[in-house]
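Each chain is listed here by its residues.
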Amino acid sequence: MTSSVRTPSPAVLAVLLCGTFMASLDTAIVNVAGPAIQRDVGVSGAALQLVLSGYALAYAALLITGARLGDDHGHRRLFLAGLAGFTATSLLAGVAWSTEVLIAARIGQGVAAAAMGPQVMTVIQLQYDGAARMKAMALLATVVSAGVVVGQVLGGALVDADLLGTSWRPVFLINVPVGVALLAAGARLLPQTRRPRGRAMDWIGVALMTDVIALVMVPLVFGHEVGWAWWTWACLAAAVPTALLLAAHLRRTRARGGAPVVDFALLGRARFGLGMASTTAVMIAYGGFLFTFTLYLQQGLADSPLRAGLTFAPYAVGFAITSLGVPMLAPPLGRRLAPLGLALAAAGYVGLGLLTGSGRAWSDAEALPLLLLAGAGFGAGYSQVITRAISDVPADQAHEASGLFNTINMLGFALGVATLGSAFLSEVDGGRGAAADVTGGAFETVALGCGALSLAGVALVLALTRAESRAQSGEKASSASSLETAPAMAATTSSASG
């Protein structure tokens, strides 16, 4: 490993965190602009799903690859390359003249974010020690949460402002001057760091995993729009042998001592696997909720983008507060809050669904507390489960576990947009009556699904807790057995030496 002398520089941290903020902001800020993009570009409902989820899919598929390329070729180089790509594709998205160009730009943003994002945590680990590192990691978590909060409101404000008649385009173009400034500062400030692994990149694994994702997600997104044409079923069928081929390739790569693109063997660890399943379930709910609720607000209730963004604010603020606050609590209390938090999130989703599907006008006083409840519950459960699941992994595999966690959770988000979003759009397309009633009923279906997924998360967290208890009992029994055999071993040793 090569790195410069560790000097906790505020300027270095500022550049890294600003890059992270841009990437975190992008999902939320684009979500609020969705209906305006539909009207202006003529994007279909399915294509709008890809505008939102294409970023997440590309990011998920290449996240681990981006981390390894940074290790091998330099974290500074990959961060700046990713930042340059993110800035360029933001410009392309902002001037996009067709649906195809916009989707391509969004996927390009995801690829660039996958190159940039992993370097931030790695550079913090390499350049900061002790209390300085803990402070930097806390700031990183704060910035990620702040991006979710600010993105909703800022996106609504920019679209509402309609600067020079540009409508939704500033939600992308705002990244350009910020990206250029960060590139200039980063080239001057960021240290040169590497930690080469000495193992070849698994490009075959990258290609196969990308194929599986595309074969599953594209038909799920477009199926309802094309009447589930033959090619959608052909893609889903082809995904099965491709996934089996990927699994066989990963096993062979690992057996030869190589570094597979992902290490799914980690899922065989009970606590890690249960934690992974729980967070994936709630991320599917989150993706579906984020996509459909803004369509309901703007298309069903005719809310302005700014009002829609402000309506989201309690959910985002609740998530930010609990996702940052719960990890600071004593571990036993935090463990008890995880299933309770996800149960409260389920209650918030279900309450919102019943409210919007009631067929009557509802007030902010009824909806905002439910949004706060759903967001706060999601944050309380999600942050705790991540920590507990990764603690089950040996220290030398923690980097791989973290990458796998982020990859599968981003795929969960995209899957939520694809499946729950398609359910919403199908119900709206087939509905009759006032827009508010049709979209309200469609959102009720989605919200009840989000509630069910959150309750599945509760069940998995409880199973995780039982697995932790069994592991602790086993450790205590092993320790007691060692204490009991120690005198006998000592006596035997003494007799032999005598």
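A few points on the structure. (Residues numbered from 1 in each chain as written. Predicted model: local features only at pLDDT ≥ 70, side-chain atom pairs only at ≥ 80, totals over all residues. Heavy atoms only, no water.)

We now examine the overall build of the protein chain. When you go through the protein chain residue by residue, the secondary structure sums to 15 helices and zero strands. Residues classed as buried in the protein chain amount to 53% of the 498 residues present. With an accessible surface of roughly 20,300 Å², the protein chain has 68% of that area assigned to carbon and sulfur atoms. Distance from the positive charge centre (29 side chains) to the negative charge centre (25 side chains) of the protein chain: 11 Å. (Helix = DSSP H or I, 4+ residues; strand = E, 2+ residues; numbered from the N terminus. Buried < 20%, exposed > 50% of the residue type's maximum accessible area, 1.4 Å probe, protein only. Areas by Shrake-Rupley, 256 points an atom, 1.4 Å probe, with all protein chains shown as cover. Lys, Arg positive; Asp, Glu negative; His and termini not counted. Charge placed at Lys NZ, Arg CZ, Asp CG, Glu CD.)

With that settled, consider the packing of helix α10 (residues 270-300) against helix α11 (residues 305-325). Two elements in contact, α10 and α11, have axes separated by 9 Å at closest approach and are oriented at 140 degrees. The interaxial crossing formed by α10 with α11 has right-handed handedness. Here Tyr286, Phe289, Leu290, Phe293, Thr294, Leu297 and Gln298 of α10 lie close against α11, whose contacting residues are Pro305, Ala308, Thr311, Phe312 and Tyr315. (Axes fitted to C-alpha atoms, helices over the stretch in contact; angles between N-to-C directions. Left-handed = near helix turned anticlockwise from the far one by under 90°. Contact = heavy atoms within 4.5 Å.)

What follows deals with a nonpolar patch on the surface. A surface patch of nonpolar side chains, amounting to about 400 Å² of accessible area, comprises Leu91, Leu92, Val95 and Trp97. Structurally, Leu92 can be placed in helix α3 (residues 75-94). On the basis of relative accessible area, Leu92 is assigned to the partly exposed category, the value being 31%. (Patch = residues over 30% accessible without salt bridge, like charges linked within 9 Å, V, L, I, M, F, W, Y side chains within 5 Å. Salt bridge = Lys/Arg side-chain N within 4 Å of Asp/Glu carboxyl O.)

Attention now goes to the side chain of Thr356. With respect to the element layout, Thr356 can be found in helix α12 (residues 331-356). At 3.5 Å, the side chain of Thr356 and the backbone oxygen of Gly440 are in polar contact. Residues within four places of Thr356 in sequence aside, it is in contact with Tyr296, Trp362, Gly440, Gly441, Phe443 and Glu444. (Polar contact = N/O pair within 3.5 Å; in protein donor to acceptor, adjacent residues only side chain to side chain.)

Our focus in this paragraph is the pattern of salt bridges. Two side chains with opposite charge may pair up if their charged atoms get near one another. As enumerated under the stated definition, the model contains six salt bridges in all. Note that Asp303 is salt-bridged to Arg307, the shortest N-O span being 3.5 Å. Residue class for Asp303 comes out buried when judged on its relative accessible area of 15%. A single network of salt bridges, built from pairs that share partners, joins Asp303, Arg307 and Asp364.

These figures come from the coordinates and say nothing about function on their own.
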